[in-house]
Amino acid sequence: MTPTQVVFDIGNVLVDWQPHLAWAQDMDRAAIDAFMQRIDFGALNLRADRGARFEDLAEALDDPGDRTRLKQYVPRYAMTVPERVPGTWDLVDRLIARNVPLHAITNWSLETWPEGLKVHPRLAEIFDTLVVSGAVGLIKPDPAIYRLFCARAGVAPEACVFIDDKRDNCDAARGIGMDAIHFTGADALQAGLTDRGLL
């Protein structure tokens, strides 16, 4: 089946996410990197993407300074997503002009999502169906989040092409029957969407 629906990941596909910027006003990059490595920020962020609160994650840290820094993350979140990914929004606008239905499945904390919308309000406007992992307690690449999306959107997996910057998330989408494009940049994405007759 030729896909008729485009399903976007958001972070590092539409919005450039740089979490270290939350602490750039206080520490140099080496100190920030050491802090993030020490607390295993990546693992904690995934827990938040699945529904945990950053306040609770911070309270579980041993070092008082680290607890304070992690508690700063949500109120400073807007600093971490200052820019759009170059070129991708031009493709979004072209898809909209062609009346192609747009959707999104994003691994994103329920706490930081509203902060991201303050910087990028169009994210609340362009998607017919939006699944935010922190709101549903599921994260990619769990096949269940893709199935939940299809149920909410009322579409068959085979009607969708999913776009994500992580290969394992693309593989999981293919595993339930979606087409997928591994995002490496706007030019390659344009080519992939054109090959599928969507642009």
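Position labels on residues start from 1 in each chain and follow its written sequence. Per-residue local features are limited, in this predicted model, to residues with pLDDT of at least 70; the limit for side-chain atom pairs, both in listing and counting, is 80 or more; totals at the level of whole chains, interfaces and linings are taken over all residues. In computing side-chain properties, one takes all heavy atoms of the structure into account and sets aside hydrogens as well as water.

Now for the pairing of strand β1 (residues 5-8). Note on strand geometry: in a regular strand, side chains alternate between the two faces of the sheet. Relative accessibility decides the category of a residue: with a 1.4 Å probe and only protein chains considered, values under 20% of the type maximum give buried, values over 50% give exposed, and everything between is partly exposed. For the purposes of this entry, the term helix denotes a DSSP run of H or I that reaches at least four residues, the term strand denotes a run of E that reaches at least two, and both are numbered from the N terminus. Burial along β1 is two-sided: Gln-5 and Val-7 facing one way and Val-6 and Phe-8 facing the other are all buried. For two strands to be treated as a pair, DSSP must find no fewer than two bridges joining them. The sheet contact formed by β1 and strand β4 (residues 102-106) spans three bridges and is parallel. Counterpart to Val-6 in the pairing with β4 is Leu-102.

Aromatic pairing here means that ring centres of Phe, Tyr or Trp (its six-membered ring) are within 6.5 Å. Orientation follows from the plane angle: under 30 degrees is stacked, over 60 is edge-to-face, and everything else is tilted. Within this structure, the stated rule accounts for nine aromatic pairs. An angle of 85° between the planes, with centres 5.6 Å apart, marks the rings of Tyr-73 and Tyr-77 as edge-to-face. A residue is classified by how much of its surface remains accessible, and Tyr-73, at 0% relative accessible area, is buried. When the centroid spacing of 4.8 Å and the interplanar angle of 85° are considered together, the rings of Trp-108 and Trp-113 count as edge-to-face. Owing to a relative accessible area of 4%, Trp-108 belongs among the buried residues under this scheme. Given a relative accessible area of 9%, Trp-113 falls into the buried group.

This part is about the pattern of salt bridges. Whenever a carboxyl oxygen of Asp or Glu lies within 4 Å of a side-chain nitrogen of Lys or Arg, that contact is scored as a salt bridge. Scanning the entire structure with this criterion turns up 14 salt bridges. Between Glu-115 and Lys-118 there is a salt bridge, and its shortest N-O distance comes to 3.2 Å. Taken together, the residues span about one helical turn, with Glu-115 and Lys-118 both in helix α6 (residues 113-119) at a distance of three residues. Taking relative accessible area as the criterion, Glu-115 reaches 17% and is therefore assigned buried.

Glancing now at the environment of Trp-108. Mapped onto the elements of the fold, Trp-108 is located in the loop between β4 and α6. Through-space distance from the C-alpha of Trp-108 to that of Val-161 is 20 Å; in sequence the pair is 53 residues apart. Residue contacts are counted whenever heavy atoms from the two residues lie within 4.5 Å of one another. Residues in contact with Trp-108, not counting those within four places in the same chain, are Ile-10, Asp-49, Tyr-77, Trp-113, Gly-116, Val-132, Ser-133 and Gly-134.

Quick look at the packing of helix α1 (residues 29-39) against helix α4 (residues 64-71) now. Viewed as axis vectors pointing N to C, α1 and α4 meet at an angle of 100°, and their least axial separation amounts to 11 Å. Between α1 and α4, the angle is such that the two are roughly perpendicular. Here Phe-35, Arg-38 and Ile-39 of α1 come into contact with α4, specifically with Asp-66, Arg-69 and Leu-70. Note that Gly is not counted as nonpolar here; it falls among the polar residues with everything else outside the nonpolar set of Ala, Val, Leu, Ile, Met, Phe, Trp, Tyr, Cys and Pro and the charged set of Asp, Glu, Lys and Arg. Taken together, the residues that form the contact of α1 with α4 break down as three nonpolar, no polar and three charged. Axis angles are defined between N-to-C directions and span 0 to 180 degrees, where every axis is a line fitted to C-alpha atoms and, for a helix, only to the segment in contact. An angle below 35 degrees is treated as roughly parallel, one above 145 as roughly antiparallel, one from 65 to 115 as roughly perpendicular, and anything else as oblique.

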